[in-house]
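Secondary and tertiary structure notes
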Amino acid sequence: MPLSLLIWLPAVSGLVAVLWPARWAPRVVLAGSVITLVLAIGYVASFDRGAEGLQWVTDETWIAELGIHYKLGLDGLNLFLVLVTALLFAAALLHANLREWERPRLFFFMFALAESAVLGAFLAQDLALFVAFFDLMLIPFYFLIGAWGRGERVRATTKLVIYTLVGSLFMLAGAIATGVIAAEGGGELTFVLSDLAQVQLAEGTQQWIFLCFALAFLVKMPLFPVHGWMPDGYRAMPLPVLAVFSAVLSKVAAYGFLRVVLPLYPDASVHFQELMLLLAVAAILYGSVMAFTQTDLRLILGFSSMAQLGFIVLGIFALRPEGAQGALLQMVNHALVVVPLFFVVGALAARAGGSEDIRDMGGMAARAPLLAATFLIAALANLAMPGFANFVGEFYILLGVFESKLAIAIVASTGVVLASVYMLRAFIATMHNRAGSRAESRELSLGEGVAIVPLVVCVLALALYPQLPLARSEKSIDASVRTAQAVQR
Amino acid sequence: MSPTTWGWLVLAFPLAGTVAVALGWRALPGKLPGWIGTGAVFASFACAVGALLSLEGREGEEAKTVVSTAYEYANTLGVDANLTILVDPLSVFMILVVSGVSALIHLYSVIYMWEDRGYARFFAYLNFFVFSMLLLVLAGNFFFLIVGWAFVGAASYFLISFWYRRRTATRAGIKAFVMNVIGDVGLVLGTYFVFKHVGTLDFVAAFEKVPDEFAHNDGDLVAGCILLLVGAVAKSAQIPLHTWLPDAMEGPTPVSALIHAATMVTAGVYLIARMHPLFEQAPAAADVGAILGCATLFVAATIALTQTDLKRVIAYSTMSQIGYMIMGVSAGAYAAGLFHLMTHAFFKALLFMAAGSVIAAMAGIQSLDRMGGFRRSMPFTFGCFVVGGLALAGVPPFSGFFSKDEILLLVGDRGGWHWILYAVGYVSAFLTAVYTFRMIFRAFLGDSVPEARELEGGHLHHAETPVNPMTGEEEDTEVGFPGPGHFIAEREWPMKTAMAILAVGATVLGVLQIPHVTHVIDSFLEPTFAGSEFAHHEPSDGLIAFGLVLGTVLALAGIALAWFLWVRRPELPARIRSGLRPLYELSFNKWWFDELYDRTVVRPSRAVGGFFRERFERWVIDGALVGGPTGAVRGGSAFVRAIQDGYLRVYAGLLVLGVVGVALYFLIVSA
């Protein structure tokens with residue numbers, strides 16, 4: 001089965017939705033995403049964990065003159081990211097199906113296009129193709145926020161676009177330079193990642209290209225201090241859009257480091273290792289501190305995500321297989337846990353007169369044990385309580401950092417403590433204490449339950465058996481980090 | 001069956017109980033959730049006995065360490081985190097104590113919690129706690145030790161915040177959780193230091209490699225052991241991470257008995273005993289542990305002297321007693337420390353249960369100032385309290401006498417500066433007798449308070465409007481409050497049975513280990529500690545005799561002093577208070593630890609957070625750093641709106657064009 005099917009199936013379902021009557025659009029796109037999820041599960045089930053390198057490779061010449069290939073492939077790095085993307089888009093579309101949208105055909109088309117773009121970015125094995133999908137992701141989200149957002153959506157959208165566009169342009173420049181400079185020695189112009197990895201770029205060249213990519217990725221995550229678009233953006237996005245944005249788009253950026261940056265620019269990765277680690281630690285501490293001063297639940301989760309992304313970057317730039325392994329697992333974990341958390345925020349807002357401010361909430365556990373239980377499980381997972389896969393991720397990440405930079409590991413570990421402060425604060429302020437003035441305690445509705453509970457079950461399942469993704473990513477992780485680690489020695 | 005099969009069953013029952021009660025919370029009628037939970041823990045205890053018999057049936061020291069792996073949990077890149085249990089005499093000893101005491105406390109709770117609106121939730125949490133604690137002590141590697149360690153912390157949090165409409169309870173809950181996470185982080189980092197050298201997370205394999213991989217007092221090992229101590233100190237409420245334990249008394253009284261006295265808080269003692277091959281190779285770290293334990297046992301004893309909240313007095317006493325255990329195991333007195341862990345589990349659980357009975361008779365009030373004269377109306381509770389008190393004070397022949405003296409004996413026998421620990425230990429033993437009997441005399445002797453008189457008349461007091469005993473705030477009676485009815489041991493057979501069994505244990509368990517007479521604990525634990533350098537230490541007969549006499553004299557003197565101060569001359573304590581004002585303030589304000597942390601940690605971090613949120617984010621992130629682009633956006637957005645009337649598609653079109661344009665430019669230039 002070609003991987004193109006997986007990528008383009010959502011977009012096709014979106015097109016179908018546009019052509020059919022408006023009231024069918026939500027169902028059609030949801031069906032498309034569910035079929036995509038089934039396909040993704042099929043790939044995971046038949047993945048050969050013993051094999052090295054890419055599986056199910058599609059390699060077509062796309063633009064021969066420029067050496068750009070339409071090359072796709074699955075390996076341990078993207079296998080579970082693809083699965084979790086398909087799962088979370090299906091969940092978000094399900095959630096989006098629960099309410100009415102203006103101009104539903106366009107809304108659901110954009111949503112479907114976003115899924116295709118993200119899957120494409122994860123599966124692309126050609127640098128130019130990766131950049132194309134990476135930029136394609138922005139367009140549907142731009143519409144989704146600008147047209148269906150709330151509050152100051154125009155300001156939020158323009159901020160987001162300017163930030164990410166600047167990042168993207170730097171990345172584009174870096175990508176083109178990589179191909180061109182790699183071909184300078186007389187080789188053929190190519191953007192295929194596996195070919196580029198064979199070429200050793202000069203260290204100075206690597207360094208400026210590294211910075212271009214790093215900027216694009218850091219903005220997308222976002223990490224301190226380039227997160228200026230985040231508070232406005234998070235407040236403005238429609239909830240299901242925000243859920244996938246926070247869960248999946250940030251992971252494309254983190255994945256970019258493992259797929260592109262470490263193998264292609266190993267010398268620069270070592271050169272800038274300490275800078276990246278310090279940025280990561282800053283993001284962990286800053287995100288955590290901000291998360292426990294905010295009162296808007298979306299921003300609590302937003303800054304908490306920044307802290308978690310900080311851990312992921314930390315793991316990657318430990319430049320040890322253990323760290324990268326933990327980072328990859330943590331990408332899956334964080335994506336899987338942040339979506340139900342955002343859905344819970346939606347459920348809480350529905351019970352607090354539309355407010356998403358924790359000061360308007362309180363005591364909501366009383367008659368809603370299922371809501372309280374799902375929130376608690378997701379919150380404990382997010383603060384990486386041992387026993388959850390999130391802890392396994394952090395255990396590997398900190399182990400990797402511990403082995404390469406001891407002091408940074410110790411400073412970063414304070415982030416683990418801070419996470420427990422802000423997550424429990426959010427839980428207590430909403431579910432416990434006296435009932436808030438505007439808050440009512442009501443159990444999850446069937447629709448809310450169908451969107452939230454299965455994801456929480458997935459979190460628990462992964463908590464029981466994190467070996468499932470770990471065993472499949474071991475070889476690819478090693479391959480991704482090997483060059484940089486060799487440089488370091 | 002093999003010991004590990006029994007071990008898995010020990011874990012399976014409480015887990016199944018948790019799931020059954022949690023999922024069936026609405027469907028299960030009446031007291032069924034309570035009986036399911038209780039039954040599960042009794043079954044677990046039975047399996048623990050099975051593990052004991054199976055292990056005892058094996059010959060030789062090697063055969064008494066049995067390992068079983070369920071599956072590979074997170075085993076890649078040489079990080080061997082498997083779901084493994086280790087059954088050896090130490091873990092069997094622990095599962096027997098934990099499941100046995102837990103079973104009795106469950107039995108007590110079936111009645112005690114009956115009127116609570118969260119009845120099923122309570123038993124789901126309580127069973128989850130038992131599962132977690134058993135996982136902690138059965139874990140066969142560092143990874144699952146940490147998992148169990150965090151699980152008990154979470155269970156403790158759930159149960160401290162059980163009455164979640166009380167702000168005092170939720171605040172105490174988050175405090176306990178965060179302090180315990182500090183401990184978890186210590187454990188994780190400590191594990192890294194060990195893993196870095198031995199390359200395995202498995203206990204058996206790691207401990208075998210310790211002598212080869214680490215020199216005596218190796219820097220990495222000392223650092224690792226001190227970090228492990230951070231975990232132990234946080235969990236066992238030792239200085240300086242102890243301030244959560246008194247606040248944890250916000251939880252229901254059976255929780256205080258089970259988690260915050262008998263089992264979870266002793267996890268630090270277990271940890272040090274389990275890690276003894278590491279600590280013996282890093283004696284510098286072990287010394288730190290001994291000193292912290294010693295400091296805690298003294299400080300906590302002084303604080304307990306002046307507190308007026310019944311449960312908090314017992315909580316400080318718990319801190320102090322765990323201080324003895326931590327000091328003991330850190331100084332190499334492993335079997336003695338664990339022996340005291342066991343006797344303490346019995347008499348402290350008993351004291352809390354009796355206190356719960358008194359608090360029920362007071363309709364929720366916990367202040368000693370309000371109590372008095374309950375000996376006539378609650379003879380059974382009074383009797384249990386006295387038995388527990390005598391064991392705690394260390395009066396022969398009660399269990400606490402033998403176990404505490406054994407610790408001090410072996411600590412003193414180390415000689416050198418350990419004599420200071422020995423002396424402080426005995427001074428505190430005297431204080432222990434004083435504060436224990438202060439509590440008993442004030443609650444049970446003297447004139448009967450109205451509640452006691454009501455009870456003498458055959459009627460159990462009910463509060464008209466229930467209030468939070470800490471704040472005086474009226475309770476939110478919808479959910480999350482102790483319930484309108486109360487139950488005292490005198491009237492309910494399950495409570496009475498549980499307390500009676502504990503009282504017998506608290507009285508006679510000392511006979512398991514009497515110098516020169518019996519040594520059941522020593523010989524049972526022998527295989528675990530066979531490699532220890534302190535394994536075959538025989539203190540001199542003179543020291544043994546001296547310790548036994550001194551312990552007896554101090555305990556009796558303490559009781560006599562308490563009797564003189566609070567029964568014979570009840571006006572004296574007030575005079576002493578004003579005469580020794582500074583000392584009284586020090587004790588009453590708990591040595592100002594809470595205030596210290598508030599000033600040095602809580603307030604500064606809140607200020608930093610406020611600064612970042614109100615200033616930095618606005619001026620630097622939104623203003624200066626990205627002032628160019630966003631400033632332009634802000635100015636430009638009006639312009640944009642004017643031109644495009646908010647038509648976002650045009651925007652997107654421009655965006656795509658821009659990207660394509662730049663791409664083309666680069667391609668043309670480079671080609």
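Residues numbered from 1 in each chain as written. Chains lettered and ligands numbered in written order. Predicted model: local features only at pLDDT ≥ 70, side-chain atom pairs only at ≥ 80, totals over all residues. Heavy atoms only, no water.

Quick notes on the pattern of salt bridges
Counted by the stated rule, this structure contains 27 salt bridges over all chains. For A:D75, the salt bridge goes to A:R259, with nearest N and O atoms at 2.7 Å. Taken as a pair, A:D75 in the loop between strand 2 (68–74) and helix 3 (79–96) and A:R259 in helix 10 (residues 239–264) lie far apart in primary sequence, 184 residues in all. By the burial criterion, A:D75 is buried, and A:R259 matches it. B:D220 is the partner of B:K196 in a salt bridge, and the nearest nitrogen-oxygen pair spans 3.0 Å. With B:K196 in helix 6 (residues 167–198) and B:D220 in helix 8 (residues 219–235), this pair connects stretches of sequence that are 24 residues apart. Classification of B:K196 as partly exposed rests on a relative accessible area of 46%. Within the structure, one salt-bridge network assembled from shared partners comprises B:K175, B:D247, B:E250, B:D309, B:R312 and B:D594. (Salt bridge = Lys/Arg side-chain N within 4 Å of Asp/Glu carboxyl O. Helix = DSSP H or I, 4+ residues; strand = E, 2+ residues; numbered from the N terminus. Buried < 20%, exposed > 50% of the residue type's maximum accessible area, 1.4 Å probe, protein only.)

Considering helix 15 (residues 369–382) of chain A
Residue and element names in this part refer to chain A. In this model helix 15 runs 20 Å from its N-terminal to its C-terminal C-alpha over 14 residues, within 8% of the 20 Å that 1.5 Å per residue would give. Here helix 15 has its buried residues at L371, A372, T374, F375, L376, A378, A379, L380, A381 and N382. Note on helix 15: the residue one or two positions beyond its end, A384, has a positive phi of about 60 degrees. (Expected span 1.5 Å × (residues − 1).)

A closer look at the pairing of strand 1 (residues 55–63) of chain A
In summary, the side chains of a regular strand alternate between the two faces of the sheet. All names here are of chain A. Across six bridges, strand 1 lies against strand 2 in antiparallel orientation. Note on strand 2: the bridge partner recorded for T61 is H69. Connecting the antiparallel pair strand 1 and strand 2 is a turn made up of four residues, with G67 showing a positive phi of about 70 degrees. (Pairing = 2+ DSSP bridges.)

Side note on the interface of chain A and chain B
Listed per partner, the contact involves 82 residues of chain A and 70 residues of chain B. Between chain A and chain B lies a buried interface of about 6,800 Å² when both sides are counted; carbon and sulfur atoms form 74% of it. Between chain A and chain B we count zero salt bridges in total. Inspection of the chain A/chain B interface yields 18 residue pairs in polar contact (both at pLDDT 80 or more). Residue classes in the side of chain A that touches chain B are distributed as 56 nonpolar, 15 polar and eleven charged. (Contact = heavy atoms within 4.5 Å. Buried area = accessible area lost by both parts, 1.4 Å probe. Polar contact = N/O pair within 3.5 Å; in protein donor to acceptor, adjacent residues only side chain to side chain. Nonpolar A, V, L, I, M, F, W, Y, C, P; charged D, E, K, R; others polar.)

Remarks on the packing of helix 10 of chain A against helix 19 (residues 467–488) of chain A
When two helices pack together, you describe them by how their axes are tilted relative to each other and by the distance separating the axes. Residues and elements named next belong to chain A. Interaxial distance between helix 10 and helix 19 falls to 6 Å at its minimum, and their mutual angle equals 35 degrees. Considering the relative orientation of helix 10 and helix 19, their crossing is left-handed. On helix 19, the residues that touch L258, L262 and P263 of helix 10 are I477, S480 and V481. A per-class count over the contact of helix 10 with helix 19 returns five nonpolar, one polar and no charged. (Axes fitted to C-alpha atoms, helices over the stretch in contact; angles between N-to-C directions. Left-handed = near helix turned anticlockwise from the far one by under 90°.)

Thoughts on the environment of B:L292
Residues and elements named next belong to chain B. Structurally, L292 can be placed in helix 13 (residues 283–304). For L292, a relative accessible area of 23% translates into the label partly exposed. Every residue in contact with L292, bar those within four places of it in the chain, is listed here: V233, Q238 and I239.

A look at a negative patch on the surface
A surface patch of negative charge is lined by B:E61, B:E62, B:E208, B:D522, B:E526 and B:E538. Summarising the element assignment, B:E538 is placed in the loop between helix 22 (520–529) and helix 23 (541–568). (Patch = residues over 30% accessible without salt bridge, like charges linked within 9 Å, V, L, I, M, F, W, Y side chains within 5 Å. Areas by Shrake-Rupley, 256 points an atom, 1.4 Å probe, with all protein chains shown as cover. Lys, Arg positive; Asp, Glu negative; His and termini not counted. Charge placed at Lys NZ, Arg CZ, Asp CG, Glu CD.)

Describing the confidence of the model for chain A
A low pLDDT score tells you not to read the predicted coordinates there in detail. Confidence in the prediction of chain A, expressed as mean pLDDT, is 90, and 100% of residues score 70 or more. Per-element confidence in chain A ranges from a low mean pLDDT of 87 for helix 6 (residues 153–183) of chain A to a high of 95 for helix 3 of chain A. (pLDDT = per-residue confidence, 0-100.)

Focus on the domain arrangement of chain A
All names here are of chain A. Looking at chain A, the domain boundaries give domain 1 (1–266) and domain 2 (272–489). Placing a centre on the C-alpha atoms of domain 1 and another on those of domain 2 gives a separation of 22 Å. Of the residues lining the interface, 51 residues belong to domain 1; the matching set on domain 2 comes to 53 residues. For the pair domain 1 and domain 2, the summed buried area comes to about 4,700 Å², and 79% of that belongs to carbon and sulfur atoms. On the surface where domain 1 and domain 2 come into contact, there are one salt bridge. Our count for the domain 1 to domain 2 interface comes out at seven residue pairs in polar contact (both at pLDDT 80 or more). Counting residues per element, the ones that place at least two in the side of domain 1 that touches domain 2 are helix 3, helix 8 (203–220), helix 9 (230–236) and helix 10. (Domains from an automatic or database assignment.)

Considerations on the confidence of the model for chain B
The predicted model of chain B averages 86 in pLDDT, with 92% of residues at 70 or higher. In the model, residues 642–649 of chain B has pLDDT below 50 throughout and makes eleven contacts with residues more than four positions away in sequence or in other chains.

Notes on the environment of A:M431
Assignment of secondary structure puts A:M431 in helix 17 (residues 406–431). Sequence separation of A:M431 and A:L88 is 343 residues, and the distance between their C-alpha atoms is 25 Å. Leaving out residues up to four positions away in the same chain, A:M431 has contacts with A:L348, A:G363, A:M364, A:A365, A:L371, A:A372, A:F375 and B:Y164.

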